[in-house]
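These are the residues of each chain, in order.
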Amino acid sequence: MSIQPLPKEIAERIAAGEVIERPADVVKELLENSLDAGATSIVLEFTDGWQRMEGRIVVSDDGEGIVPSDLPRLFHRHSTSKIRTLEDLQRLNTLGFRGEALASMGVVAEVSITSKVSKEPLGRRISCIGGRIGDIEECGCADGTRVSVSRLFYNTPARAKFLRSELSEFRYASRILSRLAFFHLPVGFILRHKGKDLLSTPQRDSDLLGRAADIWGGQLAEQLQKVNHSKGPVEISGLAALPSVFRSNTNTIFLAVNYRPIQDRSLVFTISRLYKGILPSGRFPIAGINIIVPPDFIDVNVHPRKEEVRFQKPALVKEAISEALLPLIAGSVTGVGFSPQQSPLDLSTISPRMSAVGTELKPFTHLSHKLADEAFTTENAQRDWHIVGQLERTYILVSYGGGLVIIDQHAAHERLLYNSLRAKRAGKTAHTQPLLIPRPVHMSAEEARTLEKFQNSLTEIGLEVERFGGGVWLIRTLPAGIPPQDEEGLLRDILEGLMELGRSSRLEEAEEDILIRTACHGAVRAGEDMNPAEMEALVERIMSLPLGERRCPHGRPLVVEITAEELSKLFGRS
């Protein structure tokens, strides 16, 4: 088969697919254009229904507008006002520069642009549908630009089938806006969905803490501290949370380079590692870090959607971030002596534990540590047994039959709570415990959207939450048996899990995740003291569980047995 150039129509659709993969890519490009136009106020209206070709994105701004003669050029590929020479590419100070975004949208969607510059008496409107550019029309409008994008992928329906659920697509779009809003303080942003303003951030000038409160809520913002540090050509500025607050994923680690939000797993890992050993396992810090470097220190043209950059010296950037955050972390840990130059997580100086005669103690690797699925059965529960005590405030030690049973207190209690919640939900008899004073919680746009979708499912297990206004929701009741000590943490943990499950439209999977996370949050923690009566009650209930439920809802074992024979081998008695 001979080599032939692709037809223009096919080539344009392939190129569009490199820039626009989902509605969030449209949001990103349009918001960046508004910021480059000098806007001080930007409104994003986001409508669902993308898989049915019913979704719509409208971005309105008060920027400088587009002169009428430039309107047709908007949809010509590689037409841009940002660069003229190759050298311009090395000293960019704008978010957009390649002139591909609007051209790509015009090929795979219906795009309408209305714009007016301040000196013109009237505005102009132009449209592009499937790559066909319409005529310019005069219209009345305010100064600035309004771009409407609808029927995305109408002419490539196979791509529309690969879009995620409505909740997921909204989640991606809201994160784009939140990150841009965090790093562009002089601009006010509004995110509107179904006629409601889910996020509204006024102009903040230099008030970064105020902007953090707009996005993450005032209570969280109170736990943030400013960070500023320079190392060679790299300057770090932004906010980071004290280790007293955290999240179950890395979605609240915001990164930007010269105010351009980026995705960089290695930098996220660098920040997370600094908190390791201080935060609970599986929890991550909250931070918004802007990396200021000379334009020629980075290459911004390494990703089709400009989500990644390449540093000349990535190790230097990581060192600068570490040195900026370590004093904050060090100051929050009491009783630990380390300098800002030394991470508190470096365990290389700790010597192996030695016995009295100076020989290193060996781990019990030869023990089978089998799960007590057979020996620790209901029949065996009739034998004499007694609680030896609590080990490391995490494990309950039980003596029976000459052997030793070890029970993970958190996993065991988690299983019991999960069983109770599941039974109550199945019987539609959820018992609640009203809070004496309803707990207000500030929700981000994506959290509020998730909460609205699953509000009935939460109510079914006894967690009643209602909208109060201004991004604030009130927690009114908790499921019976869940201690009212961290209501906000419970709700956020559930919502974060649901947002990750947003890729799936299966309600059953989401409701199961709600039960698991509620049980996990309400269970007694590792590291908590338990009195003898509490341990006795927990062990007695665990012993009555069927064999198939001897694991926590996450699949971890509840009970481990060391038999009498294994103990004898350990001490050389066999």
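The rules behind the values
Residues numbered from 1 in each chain as written. Predicted model: local features only at pLDDT ≥ 70, side-chain atom pairs only at ≥ 80, totals over all residues. Heavy atoms only, no water. Pairing = 2+ DSSP bridges. Helix = DSSP H or I, 4+ residues; strand = E, 2+ residues; numbered from the N terminus. Axes fitted to C-alpha atoms, helices over the stretch in contact; angles between N-to-C directions. Contact = heavy atoms within 4.5 Å. Expected span 1.5 Å × (residues − 1). Buried < 20%, exposed > 50% of the residue type's maximum accessible area, 1.4 Å probe, protein only. Lys, Arg positive; Asp, Glu negative; His and termini not counted. Salt bridge = Lys/Arg side-chain N within 4 Å of Asp/Glu carboxyl O. Polar contact = N/O pair within 3.5 Å; in protein donor to acceptor, adjacent residues only side chain to side chain.

Engineer: What is the right way to look at the sheet that holds strand β19 (residues 403-408) in this model?
Structural biologist: Two pairing modes exist for strands in a sheet, parallel and antiparallel, and in both the strands are linked by backbone hydrogen bonds. The 4 strands lie next to each other as β17-β18-β19-β23, forming an open sheet whose pairing is antiparallel. This sheet does not close on itself; its edge strands, each paired only once, are β17 (385-391) and β23 (559-562). Shown here is a sheet whose adjacent strand axes are inclined to one another by a mean of 25°, direction ignored. Pairing between β17 and strand β18 (residues 395-400): 6 bridges, direction antiparallel. What sits directly across from Gly-389, in β18, is Leu-397. Lying on the sheet, helix α10 (residues 409-426) is in contact with β17, β18 and β19; it crosses β19 at an angle near 65°.

Engineer: Would you mind showing me how to read helix α2 (residues 23-36) here?
Structural biologist: For the α-helix, the turn length of 3.6 residues means that residues three or four positions removed from each other point alike. Given a rise of 1.5 Å per residue, 14 residues ought to cover 20 Å, and the 20 Å separating the end C-alpha atoms of α2 matches this to within 8%. For α2, the set of buried residues is Pro-23, Ala-24, Asp-25, Val-26, Val-27, Lys-28, Glu-29, Leu-30, Leu-31, Glu-32, Ser-34 and Leu-35. Looking one or two places after α2, you find Gly-38, whose phi comes out positive at around 80°.

Engineer: What am I meant to see in the side chain of Glu-414 here?
Structural biologist: As for its position among the elements, Glu-414 is in helix α10. This buried residue, Glu-414, is left without a salt bridge; Arg-556 holds the nearest opposite charge, at 4.6 Å. At 2.9 Å, the side chain of Glu-414 forms a polar contact with the side chain of His-554. Those residues in contact with Glu-414 that sit more than four places away from it in its chain are Ile-516, Ala-519, Cys-520, Ala-523, Cys-552, Pro-553 and His-554.

Engineer: For this particular structure, what's the right way to read helix α12 (residues 487-500)?
Structural biologist: The terminal C-alpha atoms of α12, which comprises 14 residues, lie 20 Å apart, in line with the 20 Å expected from a rise of 1.5 Å per residue. With 13 of 14 residues buried, α12 is to be regarded as a mostly interior element.

Engineer: Before we go on, may I ask you to explain the pattern of salt bridges in this structure?
Structural biologist: Side chains carrying opposite charge are able to pair once their charged atoms draw close together. The full count for this structure, using the stated rule, is 33 salt bridges. Close ionic contact of Arg-22 with Glu-169 constitutes a salt bridge, the shortest N to O distance being 3.1 Å. Linking Arg-22 in the loop between α1 (8-19) and α2 with Glu-169 in helix α5 (residues 166-183), this pair joins segments that are 147 residues apart in sequence. Here the two residues Arg-22 and Glu-169 agree in accessibility, since each one is buried. Through salt bridges that share partners, Arg-439, Glu-447, Glu-487, Glu-488 and Arg-492 make up one connected network.

Engineer: I keep staring at the sheet that holds strand β13 (residues 260-261) and nothing clicks. Help me out?
Structural biologist: Strand order in the open sheet formed by 5 strands is β10-β11-β14-β12-β13, and the pairing between neighbours is mixed. Looking at the sheet topology across the chains shown, the edges are occupied by β10 (224-231) and β13. As paired elements, strand β12 (residues 253-257) and strand β14 (residues 287-292) share 5 bridges and run parallel to each other. Looking at β14, one finds that Leu-255 is bridged to Ile-289. Where helix α8 (residues 265-274) meets the sheet, its contacts fall on β12 and β14, and the angle it forms with β12 comes to roughly 130°.

Engineer: Is there a simple way to think about the environment of Gly-63 in this case?
Structural biologist: Within the element layout of this structure, Gly-63 appears in the loop between β2 (56-61) and α3 (101-108). A sequence separation of 25 residues divides Gly-63 from Gly-38, and the C-alpha atoms of the two residues are 5.0 Å apart. Beyond its immediate stretch of four places on either side in the chain, Gly-63 contacts Ala-37, Gly-38, Ala-39, Asp-143 and Gly-144.

Engineer: Would you explain the environment of Thr-156 in this entry?
Structural biologist: If you trace the backbone, Thr-156 turns up in the loop between β7 (144-150) and α4 (157-160). Considering only alpha carbons, one finds Thr-156 and Val-108, 48 residues apart in sequence, at a separation of 7.0 Å.

Engineer: I would appreciate a short explanation of the pairing of strand β22 (residues 472-479) in the present structure.
Structural biologist: A regular strand places its side chains on the two faces of the sheet in alternate fashion. For β22, the buried fraction is high: 6 of the 8 residues fall into the buried class. Across 7 bridges, strand β20 (residues 432-442) lies against β22 in antiparallel orientation. Considered in β22, the bridge of Val-441 is made with Trp-473. By the bridge criterion, 5 bridges tie strand β21 (residues 464-469) to β22 in an arrangement that is antiparallel. Residue pairing across strands places Glu-464 opposite Thr-477, the latter belonging to β22. The turn joining β21 and β22, which pair antiparallel and follow one another in sequence, is formed by 2 residues; a positive phi near 65° is taken by Gly-470.

Engineer: Quick question: what am I supposed to make of unusual backbone geometry here?
Structural biologist: Note on backbone geometry: most residues besides glycine have negative phi, and most peptide bonds are trans. One non-glycine residue, Asp-205, adopts positive backbone phi at about 55°. With respect to the element layout, Asp-205 can be found in the loop between β9 (196-201) and α6 (208-216). Phi angles above zero are rare outside glycine, and Asn-258 is one such case at about 50°. For Asn-258, the location among the structural elements is in the loop between β12 and β13.

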